[in-house]
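Residue strings, one per chain:
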Amino acid sequence: MSARGIAILGSTGSIGCNTFRVLEALGPEKSRVVALAAGRNVPKLVEQITRHQPDLVSVEDTAVRELLIADLLKRHLKIPEIVTGQDGLVRVATHPDADCVVSATVGAVGFVPTLRALEAGKRVALANKETLVMAGELMTRAAEKSGAELLPVDSEHNALHQCLRGETLSEVRRIILTASGGPFRTRDKAAIDSATVADALQHPTWSMGAKITIDSATLMNKGLEVIEAHWLFGFGANEISIVVHPESIVHSMIEMVDGSVIAQMGVTDMRHAIQYALTYPERFDSDLPALDLARLSSLHFEEPDLDRFPCISLAYRGLRTGGTLPAAMNAANEEAVQAFITERVSFADIPQIIKSVMDGHRTSDLKNLDAVIDADRSARAAAQLAIAQLSHESRVVA
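Residues numbered from 1 in each chain as written. Predicted model: local features only at pLDDT ≥ 70, side-chain atom pairs only at ≥ 80, totals over all residues. Heavy atoms only, no water.

Colleague: I'd like to hear about the overall build of the chain, residue by residue, with values.
Modeller: Helix and strand counts for the chain come out as 16 helices and 11 strands. Computed over its C-alpha atoms, the radius of gyration of the chain comes to 21 Å, within 12% of the 21 Å expected for a compact globule of 398 residues. Summarising its shape, the C-alpha atoms of the chain cover approximately 55 × 55 × 45 Å along the three principal directions. Here the chain holds 398 residues, and 56% of them are scored as buried. (Helix = DSSP H or I, 4+ residues; strand = E, 2+ residues; numbered from the N terminus. Rg over C-alpha atoms; globule rule 2.2 N^0.38 Å. Buried < 20%, exposed > 50% of the residue type's maximum accessible area, 1.4 Å probe, protein only.)

Colleague: Outline helix H12 (residues 271–279), supporting the account with residue identities and numerical values.
Modeller: With eight of its nine residues buried, H12 lies for the most part within the structure. Within H12 the residues assigned to the buried category are Arg271, Ala273, Ile274, Gln275, Tyr276, Ala277, Leu278 and Thr279.

Colleague: Describe empty space enclosed by the protein, with residues and values.
Modeller: Tallied over the full model, the rule gives one cavity of 30 Å³ or more. Taken as a whole, the largest cavity holds about 40 Å³ of empty space. In terms of lining residues, the largest cavity is bounded by Arg21, Val22, Ala25, Arg271, His272, Gln275, Ser286, Asp287 and Leu288. Residue classes in the lining of the largest cavity are distributed as three nonpolar, three polar and three charged. (1 Å grid on protein atoms, 1.4 Å probe; cavity = no way out; pocket = protein on both sides within 12 Å on 5 of 7 lines; lining within 4 Å. Points joined across faces, edges and corners; volume = space filled by probe spheres on them. Nonpolar A, V, L, I, M, F, W, Y, C, P; charged D, E, K, R; others polar.)

Colleague: Residues and numbers for the state of the cysteines, please.
Modeller: Inspection of the entire model under this criterion finds zero disulfides. Cys100 takes part in no disulfide bond, and the closest cysteine sulfur, belonging to Cys17, lies 17 Å away. For Cys100, a relative accessible area of 1% gives the class buried. (Disulfide = S-S within 2.5 Å.)

Colleague: Help me get a handle on the packing of helix H4 (residues 85–93) against helix H5 (residues 111–119), residues and values and all.
Modeller: In contact at an axis separation of 8 Å, H4 and H5 are set at 30° when each is read in the N-to-C sense. As the angle between them shows, H4 and H5 are arranged roughly parallel. Crossing of H4 over H5 shows right-handed handedness. Between H4 and H5, the residues in contact are Gln86, Leu89, Val90 and Ala93 and Val112, Pro113, Arg116 and Ala117, respectively. (Axes fitted to C-alpha atoms, helices over the stretch in contact; angles between N-to-C directions. Parallel < 35°, antiparallel > 145°, perpendicular 65-115°, else oblique. Left-handed = near helix turned anticlockwise from the far one by under 90°. Contact = heavy atoms within 4.5 Å.)

Colleague: Please give an account of the packing of helix H7 (residues 155–164) against H12 that cites residues and values.
Modeller: In the contact formed by H7 and H12, the axes pass within 9 Å of each other and the chain directions differ by 50°. In terms of axis orientation, H7 runs oblique to H12. The chirality of how H7 crosses H12 is left-handed. Counting all contacts with H7, which are made through Ser155, Asn158, His161 and Gln162, the residues of H12 involved are His272, Ala273, Tyr276 and Ala277.

Colleague: If you had to explain the packing of aromatic side chains to someone new, which residues and values would you point to?
Modeller: Geometry of an aromatic ring pair is reported as the spacing of the ring centres plus the angle between the planes. One pass over the structure, following the stated rule, counts three aromatic pairs. Judged by centre distance (5.6 Å) and plane angle (50°), the rings of Tyr276 and Tyr280 are tilted. In terms of burial, Tyr276 and Tyr280 fall into one category: buried. Among the aromatic residues, ring-to-ring pairing joins Phe184, Phe340 and Phe347 into one connected group. (Phe/Tyr/Trp six-rings, centres within 6.5 Å; stacked < 30°, edge-to-face > 60°.)

Colleague: Can you explain the environment of Pro246? Please cite residues and give values.
Modeller: As for its position among the elements, Pro246 is in the loop between strand S9 (240–244) and strand S10 (250–256). A sequence separation of 41 residues divides Pro246 from Thr205, and the C-alpha atoms of the two residues are 8.1 Å apart. Leaving out residues up to four positions away in the same chain, Pro246 has contacts with Ala179, Ser180, Arg185, Thr205 and His300.

Colleague: Kindly report on the pairing of S9, identifying the contributing residues and their values.
Modeller: Counted residue by residue, S9 has five buried out of five residues, so it is predominantly covered. The two faces of S9 match: Ile240, Ile242 and Val244 on one face and Ser241 and Val243 on the other face are all buried. Pairing analysis gives five bridges linking strand S8 (residues 172–179) to S9, with the strands arranged parallel. Its bridge partner being in S9, Ile176 is matched across the sheet by Ser241. (Pairing = 2+ DSSP bridges.)

Colleague: So what about the sheet that holds strand S6 (residues 123–126)? Which residues, and what values?
Modeller: Taken in spatial order, the seven strands make up an open sheet running S4-S3-S2-S1-S5-S6-S7, and their pairing is parallel. Unpaired on one side and paired on the other, strand S4 (81–84) and strand S7 (150–152) mark the two borders of the sheet. Ignoring which end each strand starts from, the neighbouring axes of this sheet average 25° apart. Pairing of strand S1 (residues 4–9) with strand S2 (residues 31–37) involves six bridges; the strand directions are parallel. From the neighbouring strand, Arg4 faces S2, where its bridge partner is Ser31.

Colleague: Explain the pairing of strand S3 (residues 56–59) to me, and be specific about the residues and the numbers.
Modeller: Burial of the side chains of S3 extends over both faces: Leu56 and Ser58 are buried on one face and Val57 and Val59 on the other. Here S2 runs beside S3; their pairing, made up of three bridges, is parallel. Its bridge partner lying in S3, Ala37 is registered against Ser58. Taken together, S2, helix H2 (residues 42–52) and S3 form a β-α-β motif whose crossover is right-handed. Since S3 and S4 lie parallel, the crossover through helix H3 (residues 62–74) that links them has a hand, and here it is right-handed. (Right-handed = clockwise from strand over helix to strand, strands pointing away.)

So far we have only geometry, and geometry alone does not tell us how the molecule works.
Below, the structure is given as structure tokens:
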């Protein structure tokens, strides 16, 4: 494997930081960081620039840009080209020296840059599931046209990619996504509905950002992954199953037409999936600990409870309906989760907000980028109205 140029969207987040750990373990002869995009975390970004000296850096806005320049000057460091906003993200995603783009921004902000990277023929290591939920048809069409590779970094889809490697798709009966069950797996509905933000952020297995951790608590994260799996692997809604597996050792499975089940297992560390996506089709040694099978006393599997976790059914509805409905669903979820984090709505309100937006959305065909952007914008407006109403009602009751 010759040195690959790497661009990272969301470099200061969890996936971005773990990507640096993987790159440093692989060594400079296998990769070079050419471009970074971050939000507002200047101290972390300065550290990354110091260690990897990218040619291009994108930050959220001009205010952050000025802070970054001042910090770099204070440290007498070389200042790379620094750009801002959505245009900056696109420039990082399409950097001419980038062979692989790690798409690890949170939410819809990563949608356009990822699309542009695929149009430019880049390998995209995708950790932003919202991108395929919003516009999987556009993404896969762009990849097919340009010859770009789309490799999943989500542990579940990365596991499916490994399970399907070398298999004939017509011989696969279904694919099975595993879910940890989140922090509320054993709680009753009343306890779940009254959960606090602190409760919802206590994920039992993974250390992740706030948004994805709340998605894991509602199990919307798994619903989004169902839609993502459809676009990555071509299976229909009836051929994609979810099973709750609290140990998070089996990351996903495939069931063959003859009844055989093939599973991918490993330690719960995102660096495995990141390295696989960066180096595919080759495999290299990593500094991850080996999975100690002798210490696994038992593995448990159970069906998800759709009554306690209604977001799963909403996601399957989005996939079956198609068009712009998944984009609207995703936008509503992002707004609802943010409203919950800022304590404007309750945990129980999250699926209600999403459902109300989906019920009111006029679904259209996913013809182009504008259709996605329009659906996203209108759904956010509808979600904000629903949030405002719920917030008003809660104040009246109080």
